[in-house]
Amino acid sequence: MLRMNASDNLVAYFSMEIGIDTKMKTYSGGLGVLAGDTLHSLADLSVPTVAVTLISEYGYFTQEFDENRQIEKYPRWPIEEHLKNLNVEIKIPVGPHQLHVKLWQYTLTGITGHTLPIIFLDANHQNNPPELKRLTQRLYPANHEYRLLQEILLGVGGYFALKKLDYKPSVYHLNEGHSAFLTLALYDEAKSQNCTDPVKEVRNKCVFTTHTPVPAGHDKFPRDLVREKLYLAHHLDSLHDVSEKNGSINMTSLALVMCGKVNGVGKKHTQVSRNMFPHYRFDSITNGVHHVFWASESVQNVFNTYLPGWKIDPFSLLSVLNIPRNEIMQAHHHNKIKLINFINNNFNEQFKPDIMTIGYARRMAKYKRADLIFYDLERLNAIAERYPFQLVFAGKAHPEDNVGKSIIHEIMTIKSKLNKNISLIYIPEYSIELAKIIIPGVDIWLNTPMRPLEASGTSGMKASLNGVPNVSILDGWWIEGAIEGVTGWSIGPKPKIGEEQEIQCVDCDDSEDLYRKLEEPILPMFYNAPRQFAKVQRNAIALHGSFFNTNRMAQQYIIKSYLT
Ligand SMILES: *Cc1c(COP(=O)(O)O)cnc(C)c1O
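Residues numbered from 1 in each chain as written. Predicted model: local features only at pLDDT ≥ 70, side-chain atom pairs only at ≥ 80, totals over all residues. Heavy atoms only, no water.

As annotated in an unreviewed UniProt entry, the protein chain is glycogen phosphorylase. Reading the Catalytic activity (unreviewed entry) entry of the UniProt record for the protein chain gives the comment "[(1->4)-alpha-D-glucosyl](n) + phosphate = [(1->4)-alpha-D-glucosyl](n-1) + alpha-D-glucose 1-phosphate". The Cofactor (unreviewed entry) comment attached to the protein chain in UniProt states, word for word, "pyridoxal 5'-phosphate". (UniProt positions renumbered as here; feature names shortened; annotations may be inferred.)

Here it is as structure tokens:
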């Protein structure tokens, strides 16, 4: 695969979404932000890389609220302000049509000046029929056929785009199964070169990361539809294991068959993936966040003072343990004031800087259980009688996800039933920019998913990096990062890695444990022993920041997956 110092050394990173800048609305949540963070680290580490994604001209959507319900708006993001038009086009056959695709580029520059091009595919071309012109308008459209066409464009179009631009990757990294049709283009190429074992040829070049144990996260398309739209579909007939019992093509299975290196995003998730797909070899590379991108300004100032060189070497964040607690407390106070001013000024609220502030923001999917904290309102209100607190929520539900939308509505309307000592706000339009204000500004970061459905989660890593302790269900990355009372606090029983059967706790057990933890030890420590609380904050930065970063993750990918 990757050979150090070879001229054709190049990693091609394929992702349906990439979150690199809050104004470039080509992401929906954790997957896209992870892609952006990964590319930041690859650029910082000067790893020769080119990335491919779709332009998503109208983004995922812009979230507004009307009578406490989510409304989706689709403004266009200013592409020309951010991307360079390469004035290069490609054509790919899609069904009976030729799909004309324009190419745009964003150039990411690492901290040592290394540049990394990100290629955006754009179907809004005058020669395309109207329905294909709209193909790259929205990220994750509900329409099944559109999603299939988008995935053909990403995988096959991406392959031809790199060819056209004269890139010659030796490694292809598929960030989730959306781009798995890329492997059919590579297979076709290997066959046309009379390769004796074309599957092996493709497997030698391809690395796959699977990101979710939620079945809906694994795209499946009817075989006939794939045959109708994808000119490479006949290759699927000679591949085993890529179809479901009903004949549908499973994109995850296709990626598993065609990629020689397969990774889960955390130790527990990797185990769950092995159980879901027992015939494949999974390795585990735990996710991270880009430490420079996600450390707030005040926290960066502390790092700059005490740990020169931390940007190029995030492992050195371990030495944060030597920084005086006052520094951490002051940096956090600054971030909290910033958040509270943001809330009070923009939403006419009266949030207070000396009150415990609990944050929860992520995609509003059912399994994330954003409403768990409200399971027993009487109990929650009783806690607030002794220890007041403020709740900050944000997050979007997929436009077709009525359950997710109803959770938003429920949280927004529960206010009237809360004790006077509880303030609550649901901030609209969660984004990278908002995450940078909310996460460092709260006092604890809450995460309450159903086990084992949180593959990794990354917002908690952003919190720890900024000295905000996590209070989380033991799932995803938190299983690896949790030291009770030292780096944060856990909710519910400890899972065993490698365990076949998951002990599924019901909401009442989990919420009860959450209330118990808030009441004792978290709230008393916060109010009565702030210097002890600051110790947890400092431990979170040092122990999590130094490990749960994308520099470490990228280096593991290089050694375990890219190099052979
Ligand atoms: C980090 C991030 C996420 C991921 O949050 P999780 O809690 O890991 O699901 C989603 N959206 C945005 C904008 C983020 O910055």
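Novice: Please provide a residue-by-residue account of the packing of aromatic side chains, values included.
Specialist: Taken as a whole, this structure holds 19 aromatic pairs when the rule is applied. Relative to Y140, the ring of Y60 has its centre 6.5 Å away and its plane inclined at 85 degrees; by these criteria the two rings are edge-to-face. Placement of Y60 in the loop between strand 2 (49-54) and strand 3 (62-66) and of Y140 in the loop between helix 3 (130-133) and helix 4 (144-164) is noted, with a sequence separation of 80 residues between them. Consider the rings of Y387 and Y527, whose centres lie 6.2 Å apart with planes at 10 degrees: the pair is stacked. Of the two residues, Y387 sits in the loop between helix 13 (377-386) and strand 15 (389-394) while Y527 sits in helix 18 (residues 507-528), which places them 140 residues apart along the sequence. The class for Y387 is buried, based on a relative accessible area of 12%. Stacked on the ring of Y74, the Lys or Arg R138 has its end atom at 3.5 Å from the ring centre. (Phe/Tyr/Trp six-rings, centres within 6.5 Å; stacked < 30°, edge-to-face > 60°. Helix = DSSP H or I, 4+ residues; strand = E, 2+ residues; numbered from the N terminus. Buried < 20%, exposed > 50% of the residue type's maximum accessible area, 1.4 Å probe, protein only. Lys NZ or Arg CZ within 6 Å of the ring centre and 35° of its normal.)

Novice: Explain empty space enclosed by the protein to me, and be specific about the residues and the numbers.
Specialist: Applying the stated criterion across every chain yields a total of five cavities of 30 Å³ or more. Taken as a whole, the largest cavity encloses approximately 60 Å³ of empty space. Lining the largest cavity are V299, V302, F303, E327, I328, A331, H332, N466 and I541. Broken down by secondary-structure element, the contributors of at least two residues to the lining of the largest cavity are helix 11 (297-306) and helix 12 (325-347). Of all the elements, helix 12 adds the most residues to the lining of the largest cavity, at four residues. A class-by-class count of the residues in the lining of the largest cavity yields six nonpolar, two polar and one charged. Computed from the structure, the second largest cavity encloses a volume of approximately 40 Å³. Around the second largest cavity, the lining residues are Y13, L34, T38, H173, N175, T209, N287, M553 and Y557. Mapped by element, the contributors of at least two residues to the lining of the second largest cavity are helix 1 (30-44), strand 8 (171-175) and helix 20 (550-562). (1 Å grid on protein atoms, 1.4 Å probe; cavity = no way out; pocket = protein on both sides within 12 Å on 5 of 7 lines; lining within 4 Å. Points joined across faces, edges and corners; volume = space filled by probe spheres on them. Nonpolar A, V, L, I, M, F, W, Y, C, P; charged D, E, K, R; others polar.)

Novice: Which residues make up the side chain of K25, and what values do they have?
Specialist: If you trace the backbone, K25 turns up in the loop between strand 1 (11-15) and helix 1. Polar contacts involving the side chain of K25 include one to the side chain of T62, which spans 3.3 Å. A polar contact is formed between the side chain of K25 and the side chain of E429, at a distance of 2.7 Å. (Polar contact = N/O pair within 3.5 Å; in protein donor to acceptor, adjacent residues only side chain to side chain.)

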